[in-house]
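# Commentary on secondary and tertiary structure
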Amino acid sequence: QVRLVESGGGLVQAGGSLRLSCAASGRTFSSYGWFRRSPGKEREFVAAITWNGAGSYYADSVKGRFTISRDNAKNTVYLQMDSLQPEDAAVYYCAVSATTASLRIGKSDYWGQGTQVTVSS
């Protein structure tokens, strides 16, 4: 059974940082990604990373502030979020797929349950 378990969300002041983690179990995956959904909005792509970490992709809105990384030995992917702004507040979801191309168009084989990120101004 595949499970994706996110952690690390919470409340932070604008300009602050958080680090999200997603631990995968049940099988290994080639590509990992992060998405987010704010109230009243569609789920949007945030970042994705290839199997060896050599390739990473970001939404324009987070480029330069967020960093995705992975530890294959732990089957875990991370999202370091710096310079957080109120518009970054959302539920963040972990996603997995065979390719980052699939993730970048919103397709995932599995989804985590999400972790809430709240940014106070």
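Structure first, text after, so check above.
Read on for a plain summary of the structure. (Residues numbered from 1 in each chain as written. Predicted model: local features only at pLDDT ≥ 70, side-chain atom pairs only at ≥ 80, totals over all residues. Heavy atoms only, no water.)

As enumerated under the stated definition, the model contains four salt bridges in all. Here Asp88 makes a salt bridge to Arg36, at a shortest N to O gap of 3.0 Å. One end of the pair, Asp88, is in the loop between strand E8 (76–81) and strand E9 (90–97); the other, Arg36, is in strand E4 (residues 31–37), and 52 residues separate them in sequence. Exposure class is identical for Asp88 and Arg36. Each is buried. In this structure, Asp88 and Arg65 form a salt bridge, with 2.7 Å as the shortest nitrogen-oxygen distance. Placement of Asp88 in the loop between E8 and E9 and of Arg65 in the loop between strand E6 (56–58) and strand E7 (66–71) is noted, with a sequence separation of 23 residues between them. For Arg65, a relative accessible area of 16% translates into the label buried. When salt bridges with common partners are traced through the structure, they connect Arg36, Glu44, Arg65 and Asp88 into a single cluster. (Salt bridge = Lys/Arg side-chain N within 4 Å of Asp/Glu carboxyl O. Helix = DSSP H or I, 4+ residues; strand = E, 2+ residues; numbered from the N terminus. Buried < 20%, exposed > 50% of the residue type's maximum accessible area, 1.4 Å probe, protein only.)

A few words now on the sheet that holds strand E3 (residues 18–25). Strand order in the open sheet made by the four strands is E1-E3-E8-E7, with antiparallel pairing throughout. Looking at which strands have only one partner, the edges of the open sheet turn out to be strand E1 (3–7) and E7. Pairwise comparison of adjacent strand axes, ignoring direction, gives a mean angle of 15° for this sheet. Alignment of E7 against E8, held across six bridges, turns out to be antiparallel. Following the sheet pairing, Thr67 is matched in E8 by Gln80. (Pairing = 2+ DSSP bridges. Axes fitted to C-alpha atoms, helices over the stretch in contact; angles between N-to-C directions.)

In this description, an aromatic ring pair is defined by two values, namely the gap between the centres and the angle between the planes. For the coordinates displayed, the defined rule picks out four aromatic pairs. Judged by centre distance (6.0 Å) and plane angle (65°), the ring pair of Phe29 and Tyr110 falls under edge-to-face. Taken as a pair, Phe29 in the loop between E3 and E4 and Tyr110 in strand E10 (residues 110–111) lie far apart in primary sequence, 81 residues in all. A relative accessible area of 6% means that Phe29 is categorised as buried. Under the relative-accessibility criterion, Tyr110 is labelled partly exposed at 32%. Considering the side-chain rings of Phe35 and Trp111, the 4.9 Å spacing of their centres and the 75° angle between planes classify their relative orientation as edge-to-face. Highlighted residues: Phe35 in strand E4 and Trp111 in strand E10, separated in sequence by 76 residues. Judged by relative accessible area, which is 2%, Phe35 ranks as buried. Given the relative accessible area of 29%, Trp111 is considered partly exposed. (Phe/Tyr/Trp six-rings, centres within 6.5 Å; stacked < 30°, edge-to-face > 60°.)

Leaving glycine out, the prevailing phi sign among residues is negative, and the prevailing peptide bond configuration is trans. One non-glycine residue, Asn75, lies in the positive phi region at around 50°. Within the fold, Asn75 resides in the loop between E7 and E8.

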